[in-house]
Amino acid sequence: MQPIRQGDVILLPVQQVEGQKIPHLTLVEGEVTGHKHRITEGKAELSDKDGTLYLRVISDSALLAHEEHKAISIPQGHWMVKIQREYEPEGWRYVAD
């Protein structure tokens, strides 16, 4: 499986990871707009292990939605949730959405 990007969020495929389950499916809340990257369709679980979020898509796919981006289908599997970074002359910074 290939990484999946939506705005400032990138999902990286990983092997199964166990962590503390989180009772919602909001992957990231936008720092600038307050909009959320969240799973709106399909069966999925979000967990935290050592400060890193992991998404487990249980159904064949799940829909990742955001108010300013096209919704995308995430296939079944285990995904590490990260915020993309970009380089500026001052150094690396996280992409703000």
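You'll find the structure just up there.
(A) Region of the structure containing the nonpolar core. Counting 15 residues, the largest nonpolar core has Leu11, Leu27, Ile39, Leu55, Ile74, Trp79 and Val81 as its most contacted members. Contributing elements (two or more residues each) for this core: strand S2 (9-13), strand S4 (26-29), strand S6 (44-49), strand S7 (52-66) and strand S8 (69-83). Counting residues per element, this core draws most heavily on S7, which supplies four residues. With near-sequence residues (within four places) excluded, Leu11 lies in contact with Pro3, Ile4, Leu27, Leu55, Leu64, Ile74, Trp79, Met80 and Val81.

(B) Main features of the side chain of Thr52. Take Thr52: it is sitting in strand S7. What makes Thr52 buried here is its relative accessible area of 18%. Not counting the four nearest positions on each side in its chain, Thr52 is found in contact with Ser47 and Met80.

Scoring rules and cut-offs
- Residues numbered from 1 in each chain as written.
- Predicted model: local features only at pLDDT ≥ 70, side-chain atom pairs only at ≥ 80, totals over all residues.
- Heavy atoms only, no water.
- Core = buried A, V, L, I, M, F, W, Y, C linked by side-chain atoms within 4.5 Å.
- Buried < 20%, exposed > 50% of the residue type's maximum accessible area, 1.4 Å probe, protein only.
- Helix = DSSP H or I, 4+ residues; strand = E, 2+ residues; numbered from the N terminus.
- Contact = heavy atoms within 4.5 Å.

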